[in-house]
Structure formats: C-alpha cells, structure tokens
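Architecture at a glance
What follows is the residue order along each chain.
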Amino acid sequence: MPDDVLSRAACESIFGQVADAARARGVPDIEVIFGGEDQALTRFANNTIHQNVAEREVNLSVRPVIDGRTARASTNRLDQQGIREVVEASIAITRLTEPDPELLPLAHAAESGAVRRFYQVTANATPQERAQAVAEAIAAVEEQGQTAAGIYSTGGSMFSLMNTAGAAAWHHETMARFSITAMGADSSGWAKASACRHSDLDPLALARSAAGKAAHSRAPQVAPPGRYTVVLEPAAVLDLVGQMFGDFSATAIRDGRSFLNDRIGKKIFGENITIRDDVCDPLQSGAPFDGEGVPRRRLTLVDSGVVREIAYSRQAAAVAGVAPTGHGFPLPNEIGEAPVNIVIAGGDSTVAEMVRSTERGILVTRFWYIREVDPYQKIFTGMTRDGTFLIEGGEVTRGVRNFRFNQSLMELLSNVEALSTPVRASGEESVDMVVPAMKVQGFNFTEVTRF
Amino acid sequence: MKDTALQALDMVARRGVTYADVRAIEIRDREISTKNGKAGHVSSSESMGVGIRVLAFGCWGFAATDDLTKEGLEAAAVLALEIARAGTAAHKSDVVLMPEDKHEASWVSEFRIDPFTIPIDRQLAVLLAVDAELRHQPGISLAEASMQFERRRQVFASTLGSVIDQTRYTAGAGFSALSYKEGEIQRRSYPNSFGGQYQLKGYELVEELKLVEHAARIAEEAVALHAVDQCPEGEFDLILDSSQLGLQIHESIGHPIELDRVLGTEANYAGMSFLTLDQLGRLRYGSDIVNVVCDARVQHGPGLGTFAFDDEGVTAQSTDIIRNGQFVGYMTSRETAAQVGQSRSNGCMRADGWGRLPLIRMTNVSLEPGEQSLDEVYDADHAIAMQTNRSWSIDDKRYNFQFGCEIGWEIRNGKRVRMLKNPSYSGITTEFWNQCAAIAGPEHWTLWGVPNCGKGQPEQVMGTGHGASPARFRKIKIGSAYAG
C-alpha cells in the first residue's frame, strides 16, 4: 500500500537525514518533496484482458535555497547513499544557478483543510477483483453483439512536503478508475468514472451505458457542419472547459500568456456560470496543500459570469502584494500556479430535459484531441467521439458521424441555456473535475469525418 | 544492472512461464530553462527500476518495482505471475509470439560531447544569452529557452537467452518568444515549437542549433505578426516546412500504421486506425512521389526512434510503409506479427521506462526526400506557406486532421509576398497525401524529434523521429480554424 511505501514516519526520518546531510555541507535551508504510488491496471480489448500491470514507485526530490538561488534534484534511491548523493547533487546545481531576486525563503508550517481520501479496501484491491469486474463488463457488451475495450485501475499514492522552516505536510489517497468503449460494426459508445473508493464505481452500469450508446448510434448519418444547439454530457464539458484553467494564474497573466489579461473583473461568461476551486469539495480529490506546502484556499474564479479570483503562488503573491492562495507548483518552475480542483456550479435541469427542450441539436458524449487554436480568444479545436447523436423534435433520433469543432470557450460559456446537477466527471483531456452537463446554443462544428 | 536483470528473470523463469523478459533501467536527466532573464527550471533526476513481463497461463502479466533488493524483486516476480493468472478470468485465446533470435550485445549511441560533463552555469549562460536577444526586441512579453538531456541505460534479458545492454543519449533545445498586444497573443519558436529540436545526440546538438544567432529574427517575427493580415480561408496550394511536415507524418501516417491500433487494443484511449488489414498493399495512400519508411537503424540518422534493439529484444530494422504512394507496411511486435501472419516482428516495441509495458511505438517514421529544389517546391502561382506547429488535432481513426502554424506566407509566382498570421489547414489523411506535388531534396531533409507522443493506459510518453523535407500540396482547405 502506498502508505506502507512511504508513511509519514518514513518521510520524517528521511527528511531528517536530508537536513543533516545538507547542514553538514553548510546549507541550512532545504525542502524535500516525497511522492509515491502503488498502482495496478487491468486493460482489456477485443473482449479479453490483454495488458495487466502493476507499478510501485517512490521519489525523493530535494531543493536547497542558497543565497537567493534554488534548484531541484530527484532520485528514487532512498538508501543512505542515494539520499547523500541527491543532497550533494541538489547543492551543486543550486550553487551553479543564477540568483533569483524574487525567490522567497522556505514556507513555514501551516494547517491545511482536512480531507479523507484513502480507503484501505481500494489500496488492497486485487488483480482477481479487477479481472472479475472486467469479465462482467465484457459480458454485458458481448450480449449486445459488440466488442469491449477499457481499463480498470486501482491503487494509491502519497505526496508530502517537509522543509527546514517547519512545514511538514503529508497526504495520501486512493483512486479507482473504470472506463469502457463498446464498439459495434459502425458505431461506438463510451463511459468512464473515477472515485477514491472503488466501491463507489459501478463497472457493469458503465458497460451497459456504453453498449447502449453504441447500439443507438449504429448506421450513423452525416449531419452537415454548422452551428448547432448541443447537449454536452459532463465528460464533454470537463474535457473542453477544463482547458482554460491554467490561465487563472497570476503568473500566466504577468507573462501575457493568459486570456484573462485585461479581463479580470469583467463579465466574459453568461450569468449562469459560477466556477470555484475547492479542494475540500466531497467529490474532489488531491492534496489540500500546494507544491510549497501552502494550504489550498477556496477560490471563486467566476461569479455569475464575472472573473473574480485567480490563483497565486507565494512568489506571485509577493509580487502582487496579496496573500498566496495555495495553488503553486513545486519550485523551481516557469508556470507558477493554477487551480486544479474545479467545481462548476450546476442548475436544475437534466440531460433528458435538455434533450426534450431541443428541436434540433447534437448530443455529445465526449470530445477528443482538443488543442488550442487561439490563446486569447480561447478557441479550441477537437473531435466528437464514441456517442454523437442527432436530436430532433426533443428526442435522440440517431447517431451521426463525428464532427470537428472550432469553438471559443468565452462564446460557449456565454451561450449556456441549461445546466444539470454537477457530478465528478472523468475524461481523457483534463484532470477530473466536478461539472454539470450543459445545453449550449450555437456550437461551431466545422467539418465531419468519415465515421 | 545485468546481475539485477538476470536475478529477476531467474525468479520468474523458475516459477514456470511460457516466456519472460526483464528490463533493468537506469535513467539520468537534466533540465534547464530560462524565462525573462532568470533561471526558470534547473533540475536533475535519476531513476532506477525493473520491469518484469511474463507470459503464463496464456496471458501477459507485468509488474515493476524500484525496490531492487532480493525481496523487492521477488515480490514483483510473484505479482507479475499473479496478474497473468488473473487475466484468465477474461481470456479468449493464448498469446502467441513470433520467433526471435537470441541476442547478446552491448551498444551505446553515438555522441560527441557528454552533456553531463558541461557545467550547468555554462549551459545556463547560453540560454540567458538567447533570452537577452529575444527581449532586446520591444513588444516581447515572454522569452523562454530550454535544454534537456537524458542518459538511459537498459539491460534487457529474456528467457530466449538474450542479454542486451543499451545506452542512449538524447538531447533537446530551443526557445520561444511570446508577444501580447491589444487582445492578441502571438508566439514564434526556434527551431521548432514545444521545446525545439530533439535528437539522439549529446551536447553537440545545442551547438549545432546556433540558438543565439536565430533569436533576433524570431523575436522580430513574433511582434510583426500582430500587424499582418489574417490567413485567408479557402482552397490553396500549401507549402509546409519540414518541422510541420514531420508532425503531419507523425499524426497521419505514424499513428495509423501501429498494428495494435489496427487490431483494436488501443481502442479505449488512443483509438483505432482507418488502415484496416484489407488495405495493406491495396490502398493508394499518397501520390507517386510519397515514400515513407519506419527506420530505427543508426544509418537513418540520430532520431529519437533510433536504437539497436527494441524493448522485446528485436533488432532495429527499416520497414517500407508507403512505396510510390502505395500502402505496404505496418509497425509490429512479436505478438501482432503473429496475429497477421507475418514471420517476424519489425521491432517497434518500446516502453517509456521501467514502470511500463512495451507497446508498438513509432521509431523514426520519415518521408524520403524528393528530387525537387526548394525553388521548385515554392514554384506555385498562388500558395500559402506555413512554418512551425501551433496546434494539432486528428480524429481517433486518423482520417480528419487540422493543424495550425505560428506563421504563414502568401506565395505568388514562387515568391513570398506577405506574412500572414494564424494560418491553419485541414483535410482527410489520404486525400491530403495524394495531393503531394513536390518534395525537396536530401539537402533540405531534417530528422525532427517529437518528444511527447502519448499512448497507452497507463499513458506512456515516447520520443519519436520524423525526417522530412519541405513539400507542396495541391488544393488544400486552409483557414477553417477561424471559420464560422
């Protein structure tokens, strides 16, 4: 289990060795980050398990602060020699680095919000348990005359930061993920979920949902490209809207690379869009402290369409004369900070109601290969995938061939007509977030592919 | 490391397996970057571990560990076998591998200057000199420069009796200049975007790139882009520089020829391929002048896909993929070669570290140089030329793609007449390659490195190589990224 891989006590012991070794070399100020994981993943395709893996790894990284300079050295060798060598390497490269006049002293200890995200039963999940669930999921898809591919992973991880200024933060959590693609002769359907407690997942239900989508979208028709009303399921919202949160960063704005330059305090989205960053949300995951050990503060990034708050690392906060928000990445880095525990407020609609209220539109299960076209207008391109349907007269009538889109996120979030209750969504292009389904007017599909 | 690999192999072999291989890997890397006159990221890291792959009960099992004690290896060996046994719960047919010879070899990639012998302050000084040149240009909001180096030693041992000790040195370097002005962000990069150029070389790569000499021009272009016209929308002849063409090859040829995708084993994440088995030898992939190889051999060049043996102990090879426009080859593994009746793997199995299972990955998938001069490639009445990738996207079967570039040029009668901003183009893979009208000769051919190709679950990030010369394509859809 990950906490056995590197418990808090083990981290404290290694930290003591690192601090002693650094002090013996004339370096009193040092920070240590520990990372560890024990993960297993059962992968299936063509209705059979074909890849089945497990990995155990720990990492120790050391960052001294010497006369306004800093650098980082890392190793996965945690024996005495490995520890001594990584300390020596970190000091050597730090002394060769240029001083940074904005570099701050190490962060002091601070109390983070309490989160419970480690479940022993998930850490203990066996290959047999995963294989059994996979076998049942495959059977559900095979019953439909379809082919299944997907993954079921379980495992745990830990993250800890300790420094000679007194910070001593430690976090562990478990995570389970199940995703499945059901494929018919000319159609497919997909479903995915993640949870800190694997008993919260229902692989069989996900398999049935994917198989249902594949069955309903068989013999897809070509719908011409153009502007459509779309109903975006939560995974589609997550993967597309999730692309913009790296810009809610004081450093990105200072660099001129954020679309929020000259837009803070302005209304750039619709009245019905409110977005928070909240590591303590019960559906969220992750450590309650950042890459310098600063507790993550809850932020209201967008309030009724108006950009209100952004993330500040310690350094960005010092430059701006404000308090850090606890969203910094481990130093040294170029990108500063970003909110990573996004919660988008929902509404009282449901996907079924969104469909019923749509005369003609497209229902999107997921997006794929999303890339930024224009960094300031926040235009993204990408494809629909694994369950794209035509809505006619308030009903999902048939599958359609997949579209390419080129869509501004500012325009999208200004055209939201309805939102569902937010759920923990899991996709492939953004980190897991808590998001609602959305009904959006005027979504810009520019091309159609061959399937 | 050899002892560790053989010890781990013995632990699984004596428990009874159909086949097993072990990769003991030691990785050392260094990353240095600067940003707006300061050191941005200075780090070094090392990682050692062992990945044990077993074929037992007709199924694969894999376990990896960084606990290299006898107990740690034993636990991983037992777990790999337990995982293989668990696979029988959803098992249709036994895995079959095509034969491979036993190989005993030791190989180190060629390099002139060991990057780890160059002091970090000297490497930082190069980047800070680039940075100063970039910020000398008024209007630059963000100047970033970086270099990365890796030394990876791998000892592969298998129950076939192979023991292969390989060490590869890779290097990467580049810079970019970003300009924010009045509601618009423009960026230029050199020699390529997303970190620059990456090759199987030592520090000599950094010297060859002559970073400082190119900085002023790149910064000037980044600022100039604000004032030029938007790339028009419509159908035009398209001329691509070799780095953008390298990415075009990667996305629209490299991925679809992965036989595991074709056979469905990547369907849930990376996707599948339009190159179904019935297309082999039949599909007209491109025009007559399009010739593409997948070549991991040293003689192809110092690519990120160059090695002596792949990660299941198969010798590096060159495979024809497209010959005179005809689709003739896939990238394979020992298992997939067996599934399609081929007599031997063509050596494309690679893993991104000791913790991951080898998958079919691109080695160096390259467009062979043509016979035209650069003037002949540009010899169009009216065309749009594009340089340096800015965005890239393609569907999960690799038909429909769209690329954006950092800078474009309108070409009239073979000459650049004006700079254009926000250029993009899109199309369907085979339609695009069949419109290829001219390819520049070998003197313009560059073997580019893509350092961040993602595939697999859990995801693996791999470096791939793509050689290309500038080329011209007829009547391509341009500008749709900003349409509507």
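Whatever comes next refers back to the structure up there.
Residues numbered from 1 in each chain as written. Chains lettered and ligands numbered in written order. Predicted model: local features only at pLDDT ≥ 70, side-chain atom pairs only at ≥ 80, totals over all residues.

1. Concerning the overall build of chain A
Where we set the bar: Secondary structure is summarised from DSSP: a helix means a run of H or I of at least four residues, a strand means a run of E of at least two, and numbering begins at the N terminus for each. The globule rule used here is 2.2 Å times the number of residues to the 0.38 power, and the radius of gyration it is set against is calculated over C-alpha atoms. Exposed residues have 12 or fewer other C-beta atoms within 10 Å of their own C-beta, buried residues have 20 or more, and partly exposed residues fall in between, where C-beta atoms are placed from the backbone. We call two residues in contact when their backbone-placed C-beta atoms lie within 7 Å.
A tally of regular secondary structure across chain A gives 11 helices and 20 strands. Its C-alpha atoms give chain A a radius of gyration of 24 Å, near enough to 22 Å, the size a compact globule of 451 residues would have. Its C-alpha atoms put chain A at 75 × 55 × 35 Å along the principal axes. Put simply, chain A has 451 residues, and 61% of those count as buried. Nonlocal contacts in chain A, meaning residues at least 24 apart in sequence, comprise 73% of its contacts between residues at least 6 apart.

2. Details of the pairing of strand 3 (residues 59-65) of chain B
Basically, it comes down to this: Pairing between strands is defined by DSSP: at least two bridges between the two strands are required.
The element strand 3 of chain B is largely enclosed, with a buried count of seven among its seven residues. Residues Cys59(B), Gly61(B), Ala63(B) and Thr65(B) point to one face of strand 3 of chain B and Trp60(B), Phe62(B) and Ala64(B) to the other, with burial holding for every one of them. The pairing of strand 2 (residues 48-66) of chain A with strand 3 of chain B spans four bridges and is parallel. Bridging from a neighbouring strand, Arg56(A) pairs with Thr65(B) of strand 3 of chain B. Examined bridge by bridge, strand 2 (residues 38-56) of chain B and strand 3 of chain B share seven bridges and lie antiparallel to one another. Residue pairing across strands places Arg53(B) opposite Phe62(B), the latter belonging to strand 3 of chain B.

3. Side note on unusual backbone geometry
Residue and element names in this part refer to chain B. Here the bond from Tyr 190 into Pro 191 is cis, since omega is -10°, no more than 30 degrees from zero. Along the polypeptide, Pro 191 turns up in the loop between strand 7 (185-190) and strand 8 (197-199). Cis peptide bonds are those with omega within 30 degrees of zero, and the linkage from Gln 457 to Pro 458 qualifies with 0°. Mapped onto the secondary structure, Pro 458 falls in the loop between strand 22 (446-455) and strand 23 (460-468).

4. Structural notes on the sheet that holds strand 16 (residues 365-367) of chain B
Residues and elements named next belong to chain B. Our working rule: With axes taken as lines fitted to C-alpha atoms, and helix axes fitted only over the stretch in contact, angles between N-to-C directions fall between 0 and 180 degrees.
The strand order 13-12-11-16 describes an open sheet built from four strands, whose pairing is antiparallel. Each end of this open sheet is capped by a strand with a single partner; those strands are strand 13 (326-327) and strand 16. In terms of strand pairing, strand 11 (residues 292-295) meets strand 16 through three bridges, oriented antiparallel. Looking at strand 16, one finds that Val 293 is bridged to Ser 366. This element, helix 6 (residues 242-254), spans strand 11, strand 12 (318-323) and strand 16 of the sheet and lies at about 120° to strand 16.

5. Structural notes on the nonpolar core
Short version of the rule: One nonpolar core equals one set of buried Ala, Val, Leu, Ile, Met, Phe, Trp, Tyr and Cys residues connected by C-beta atoms within 7 Å.
Val18(A), Val50(B), Ile52(B), Ala80(B) and Leu238(B) are the most contacted members of the largest nonpolar core, which has 297 residues in total. Those residues in contact with Val50(B), other than ones at most four positions away along the chain, are Thr4(B), Ala5(B), Ala8(B), Val22(B), Ala24(B), Ala64(B), Thr65(B), Leu68(B), Leu73(B), Ala76(B) and Trp354(B).

6. Regarding the packing of helix 5 (residues 127-142) of chain A against helix 6 (residues 203-216) of chain A
Residue and element names in this part refer to chain A. The cut-off we apply is this: Orientation is classified from the angle alone, with under 35 degrees giving roughly parallel, over 145 giving roughly antiparallel, 65 to 115 giving roughly perpendicular, and any other angle giving oblique. Left-handed describes a crossing in which the near helix is turned anticlockwise from the far one by less than a right angle; the clockwise case is right-handed. Charged residues are taken to be Asp, Glu, Lys and Arg, nonpolar residues to be Ala, Val, Leu, Ile, Met, Phe, Trp, Tyr, Cys and Pro, and polar residues to be all remaining types, Gly included.
For the pair helix 5 and helix 6, the least separation of the axes is 9 Å and the interaxial angle reads 25°. The pairing of helix 5 with helix 6 is recorded here as roughly parallel in orientation. The element helix 5 and its partner helix 6 pack so that their crossing is right-handed. Together, Ala 133, Glu 136, Ala 137, Ala 140 and Val 141 of helix 5 and Pro 203, Leu 204, Ala 207, Arg 208, Ala 210 and Ala 211 of helix 6 make up the contact between the two elements. Of the residues that constitute the contact of helix 5 with helix 6, the class distribution is nine nonpolar, no polar and two charged.

7. Some details on the packing of helix 3 (residues 120-135) of chain B against helix 5 (residues 211-224) of chain B
Residues and elements named next belong to chain B. Where helix 3 contacts helix 5, the axes come no closer than 8 Å and their chain directions differ by 25°. Judged on the interaxial angle alone, helix 5 and helix 3 are roughly parallel. Like other packed secondary-structure pairs, helix 3 and helix 5 cross with a definite hand, here right-handed. The residues of helix 5 that touch helix 3, namely those facing Val 126, Ala 129, Val 130, Glu 133 and Leu 134, are Leu 211, Val 212, Ala 215, Ala 216 and Ala 219. A breakdown of the residues in the contact of helix 3 with helix 5 according to their chemical character gives nine nonpolar, no polar and one charged.

8. A closer look at helix 1 (residues 2-13) of chain B
Residue and element names in this part refer to chain B. Inclusion rule: Here the expected span of a helix is defined as 1.5 Å times the quantity of residues minus one. The directions from the helix axis to the C-beta atoms form the arc being described.
Taking 1.5 Å as the rise per residue, helix 1 with 12 residues should run 16 Å; its terminal C-alpha atoms sit 16 Å apart, in good agreement. All of the buried residues along helix 1 are Ala 5, Ala 8, Leu 9, Met 11 and Val 12. Projection of helix 1 onto a plane perpendicular to its axis shows the buried side chains occupying an angular sector of 155°, all on one side. Those residues of helix 1 that are exposed and angled more than 90 degrees off the buried face are Lys 2 and Asp 3.

9. A closer look at the pairing of strand 7 (residues 188-195) of chain A
All names here are of chain A. With seven of eight residues buried, strand 7 is to be regarded as a mostly interior element. Across eight bridges, the pairing between strand 6 (residues 168-183) and strand 7 is antiparallel. Among the inter-strand pairings, Thr 181 is bridged to a residue of strand 7, identified as Trp 190. The loop that links strand 6 with its antiparallel partner strand 7 comprises four residues.

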